[in-house]
Amino acid sequence: SPLGTDVYDTFNLVVRRQGKENNFKAVLETIRGLMRGGAHSMYRSIPSWLMPVLLGYGGDPSAASFLSPQMKSFASKTAGVTSPNAALDFGDTFLDDKHLKDSFPGCNVIVNGHQDSSSTRNNYRVKVTDDSVEATAYTSPTTSSGNPIRFTPVQVQAIRSGLCPGLTTLIGPPGTGKTDVACQIIANLYHSFPTQRTVIVTHSNAALNDLFDKVMARGDVDERYMLRLGAGERNLSTTSSSSHDFTKPGRVAHILSRRNDLLEKVQQLSESLNLSSAAERGADGAPSYTCETAEYFFFHHVKKRIDLFEAGMKKDPIANVKGSFPFVKYFPELETASMTLDDATTKIKEIQAIFDELAEFRPIELLRSQRQRTDYLLTKQARIVAMTCTHAAIARARLVELGFHYDNVIVEEAGQMLDIETFVPLLIQGGESDDSSSSSNSRLKRVCLIGDHNQLPPVVKNISFSKFSHYDQSLFARLIKLGVPSIELNKQGRARADIARLYSWRYDDLGDLEHVTKKEEFMKANTGLAHTFQLINVDDFEGRGESTPTAYFYQNVGEAEYSVALFQYLVLIGYPPEKISILTTYNGQKELITDILSQRCGTGTPLAGIKPGAISTVDQYQGQQNNFIILSLVRTKNVGHLRDIRRLVVAVSRARLGLYVLCRKDLFCHCHELRRTMDQLAAKPTKLQLVKGEHFPTERMANDKVDAHKVHEINDVTELGELVHSMQRDYLSNQQ
């Protein structure tokens with residue numbers, strides 16, 4: 001070419017990366033920015049109490065723990081931080097006095113100066129010393145449902161740590177309620193520190209949406225202070241019950257709509273005081289007030305009347321309250337009802353709340369462009385900001401440029417994030433000075449890492465990086481290995497006790513919550529099945545075991561057919577299909593199961609349109625659960641990547657009520673790494689045992705012995721397929 005290498009100047013190159021990899025460039029830019037130093041360096045963004053622990057030097061790994069002398073000293077010198085020795089506002093963490101006392105075993109608990117218990121629901125401020133607890137009960141300022149969970153003592157300890165300054169590392173085995181603990185910490189920080197901002201970070205959109213849903217479901221966190229960044233918001237189920245979405249444009253739209261509603265109330269108040277008339281409204285009947293003029297109206301007319309009324313009540317407390325109350329016409333229900341001074345105080349607070357909220361909306365009214373409004377919302381108004389670690393890396397430069405600041409970081413799924421992916425969310429705010437490399441100006445006060453290093457680690461495709469460089473070690477796991485104090489939740493409430501024992505041996509003293517042994521759904525047997533869990537040996541199907549149509553695309557037709565046939569059987573005896581999930585350890589098997597299911601339950605079949613709750617790989621299903629799990633392990637020649645016991649822990653801990661594992665028994669039961677779990681599975685018959693004549697739901701109890709003549713043992717997938725085919729014929733005849 002006559003242009004030579006100059007031809008490259010005329011090229012525009014577009015590279016499309018997968019969603020999981022699209023933060024690669026942003027992470028590199030972050031690392032480069034940190035190395036340059038200045039206000040955006042990690043020495044300015046990471047506080048001095050956290051830096052030595054994160055980098056793994058400094059001597060004492062417990063230096064950032066909330067009970068350490070360093071953190072007590074930090075609390076005494078820092079505004080907006082409560083010392084662990086002072087009274088902490090636990091809000092609605094405790095359901096009653098008994099729950100409060102049970103949460104501090106071995107301590108002398110005194111509530112409001114006495115040891116008697118009350119069953120009344122209250123909020124509590126709690127001061128904990130070595131062996132005594134002093135609590136002050138107060139009435140909740142909100143009427144929302146709030147916290148419905150009776151937290152365990154260990155969960156309460158985790159909540160206490162999350163409220164105190166410092167680093168909290170919370171290990172949450174499957175089903176122990178780590179998301180509920182995170183939700184309570186977020187709500188308590190929201191109410192206790194109204195000037196602080198909390199950032200929520202997770203690895204996946206599903207986990208972030210789940211946490212966001214639970215915070216919204218409490219009802220005591222005003223939705224105008226919550227903001228969800230990133231594309232995953234479109235799957236947020238709260239948007240179906242709310243008229244607004246939680247993206248930046250959605251929040252602005254919500255504020256403008258809310259502003260119009262409040263200005264209409266101001267207009268009605270003005271008309272009730274005869275200060276304006278309906279003729280002054282806009283052409284379409286819109287209120288004539290703005291946020292600015294509403295503020296003038298409040299100070300010149302409303303506040304003046306409130307002050308006169310309150311002064312009159314002080315002079316003559318037994319005076320006619322209703323006759324003196326200046327806003328009777330604004331509240332139609334007062335015209336026919338009697339009124340006390342408490343009623344008047346409540347109504348005055350309602351009026352003041354209108355103008356307080358409008359004052360917050362005034363900047364949105366003054367700013368005209370959508371970009372200015374969303375930036376203001378992000379940097380000034382939002383108090384709970386949620387994003388994935390991927391979005392944090394991508395948006396970091398923009399957030400630092402806007403001057404985004406926050407005080408608390410809560411990281412869920414920390415065990416699944418790369419070291420750098422957990423580190424970047426701590427750096428999405430800049431330092432306040434370039435004068436020194438000290439981090440004394442860092443605003444960060446609390447860091448809470450929640451995860452489980454006994455479940456799946458971060459995914460690193462490069463074998464060398466993963467195995468030899470240990471790049472798949474999360475920051476969470478590294479801190480645990482360094483000896484950083486951690487809190488391990490010790491009561492699970494997800495699965496039956498016998499299913500939980502399949503993986504509880506991996507944890508220290510993991511027990512069961514009371515409802516696991518007493519709640520009816522856990523006490524009842526699984527309809528049509530002789531056992532609550534089984535390992536089902538699947539031999540070669542038509543002479544074939546595992547196969548690889550393409551490299552590393554593992555499939556097993558026999559197990560795929562078996563899993564679909566078992567799903568059909570369960571649906572035909574009445575199981576809700578959405579309560580059943582089919583999991584496998586390979587993407588190839590997932591695609592094969594999906595294809596077979598589309599044929600067996602496709603158009604023109606008796607079960608047309610019926611789908612399970614999920615067809616997924618074990619890795620993708622981490623963090624989720626379902627009542628009944630059908631698990632296909634695929635391999636028949638080598639154990640494969642299931643040899644990593646962390647993957648098996650995830651696989652067997654997804655089920656609540658029933659787990660049915662399809663595999664080659666001789667292969668997996670002789671794997672040393674898996675023996676503790678496989679021995680328990682193999683202790684039961686390895687051929688599927690059905691109970692004839694049952695229909696969902698059954699009245700049979702899980703510990704009842706099934707009569708031998710009712711048990712039907714399935715020898716292979718062909719026999720199960722014939723049984724399902726027969727049941728489908730009966731189903732069609734009954735339909736006709």
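None of the values given here were measured: they were computed from a predicted structure.

1. Quick word on the packing of aromatic side chains
Here comes step 1: Within this structure, the stated rule accounts for 17 aromatic pairs.
Here comes step 2: Ring centres of Tyr575 and Phe628 lie 4.9 Å apart, and the angle between their planes is 85 degrees; on these two criteria the pair is classed as edge-to-face. Within this pair, whereas Tyr575 is found in the loop between helix H22 (557-572) and strand E17 (580-584), its partner Phe628 is found in strand E19 (residues 626-632), the two being separated by 53 residues in sequence.
Here comes step 3: Note on Tyr575: relative accessible area 2%, which makes it buried.
Here comes step 4: Three or more aromatic residues link up through ring pairs in this structure, and these residues are Tyr289, Phe297, Phe298, Phe299 and Phe355.
Here comes step 5: The positively charged end of Arg125 is found above the aromatic ring belonging to Tyr138, 4.2 Å away from the centroid.
Here comes step 6: Sitting over the ring of Tyr554, Arg635 keeps its end group 3.9 Å from the ring centre.

2. Considerations on helix H11 (residues 291-315)
Here comes step 1: Along its 25 residues, H11 runs 34 Å from first to last C-alpha, staying within 8% of the 36 Å computed at 1.5 Å per residue.
Here comes step 2: Of all the bends in H11, the greatest measures close to 45 degrees and is centred on Phe298.
Here comes step 3: When H11 is considered as a whole, its buried residues turn out to be Cys291, Ala294, Phe297, Phe298, Val302, Ile306, Phe309 and Met313.
Here comes step 4: Residues of H11 that are buried sit in contact with helix H10 (248-272), helix H12 (321-324) and helix H13 (341-366).

3. Side note on the environment of Gly511
Here comes step 1: Summarising the element assignment, Gly511 is placed in strand E13 (residues 511-512).
Here comes step 2: As a C-alpha pair, Gly511 and Lys491 span 20 residues in sequence and 4.8 Å in three-dimensional space.
Here comes step 3: Ignoring anything within four residues of it in the chain, the contact list for Gly511 reads Asn490, Lys491 and Gln492.

4. A short note on unusual backbone geometry
Here comes step 1: The step from Phe696 to Pro697 runs through a cis peptide bond, and the omega angle for that step is -5 degrees.
Here comes step 2: As for its placement among the helices and strands, Pro697 is situated in the loop between strand E21 (689-691) and strand E22 (711-713).
Here comes step 3: Located in the positive-phi region is Asn274, a residue other than glycine, with phi close to 60 degrees.
Here comes step 4: Tracing the backbone through its elements, the reader meets Asn274 in the loop between H10 and H11.
Here comes step 5: Of note, the phi angle at Glu542 is positive, near 55 degrees, even though the residue is not glycine.
Here comes step 6: By the element assignment, Glu542 lies in the loop between strand E14 (533-537) and strand E15 (546-547).

5. Some thoughts on the nonpolar core
Here comes step 1: Core analysis: the largest hydrophobic core is formed by 83 residues, its most contacted members being Leu167, Phe325, Phe327 and Phe355.
Here comes step 2: Here Phe325 is in contact with Phe309, Phe331, Leu334, Met339, Ala344, Lys347 and Ile348, once residues within four sequence places are set aside.
Here comes step 3: Phe151, Leu170, Val221 and Phe246 belong to the second-largest nonpolar core, a separate cluster that totals 46 residues.

6. What about the side chain of Ser474?
Here comes step 1: Examined against the element boundaries, Ser474 turns out to sit in the loop between helix H17 (463-468) and helix H18 (475-481).
Here comes step 2: With relative accessibility at 3%, the residue Ser474 sits in the buried group.
Here comes step 3: Ignoring anything within four residues of it in the chain, the contact list for Ser474 reads Ala414, Gly415, Met417, Asp419 and Pro458.

7. Brief notes about the packing of H11 against H13
Here comes step 1: Across the interface, H11 lies against H13 with an axial gap of 11 Å and an inter-helix angle of 160 degrees. When the axes of H11 and H13 are compared, the pair comes out roughly antiparallel. Here H11 runs over H13; the crossing is left-handed. Counted together, Cys291, Glu292, Ala294, Glu295, Phe297, Phe298, Val302, Ile306, Phe309, Glu310 and Met313 of H11 and Leu341, Ala344, Ile348, Ile351, Gln352, Phe355, Leu358, Phe361, Arg362 and Glu365 of H13 form the full contact between these two elements.
Here comes step 2: Grouping the amino acids of the contact of H11 with H13 by side-chain chemistry returns 15 nonpolar, one polar and five charged.

Calculation criteria
Residues numbered from 1 in each chain as written. Predicted model: local features only at pLDDT ≥ 70, side-chain atom pairs only at ≥ 80, totals over all residues. Heavy atoms only, no water. Phe/Tyr/Trp six-rings, centres within 6.5 Å; stacked < 30°, edge-to-face > 60°. Helix = DSSP H or I, 4+ residues; strand = E, 2+ residues; numbered from the N terminus. Buried < 20%, exposed > 50% of the residue type's maximum accessible area, 1.4 Å probe, protein only. Lys NZ or Arg CZ within 6 Å of the ring centre and 35° of its normal. Expected span 1.5 Å × (residues − 1). Bend = angle between axes of the 7 residues up to and from the residue. Contact = heavy atoms within 4.5 Å. Core = buried A, V, L, I, M, F, W, Y, C linked by side-chain atoms within 4.5 Å. Axes fitted to C-alpha atoms, helices over the stretch in contact; angles between N-to-C directions. Parallel < 35°, antiparallel > 145°, perpendicular 65-115°, else oblique. Left-handed = near helix turned anticlockwise from the far one by under 90°. Nonpolar A, V, L, I, M, F, W, Y, C, P; charged D, E, K, R; others polar.

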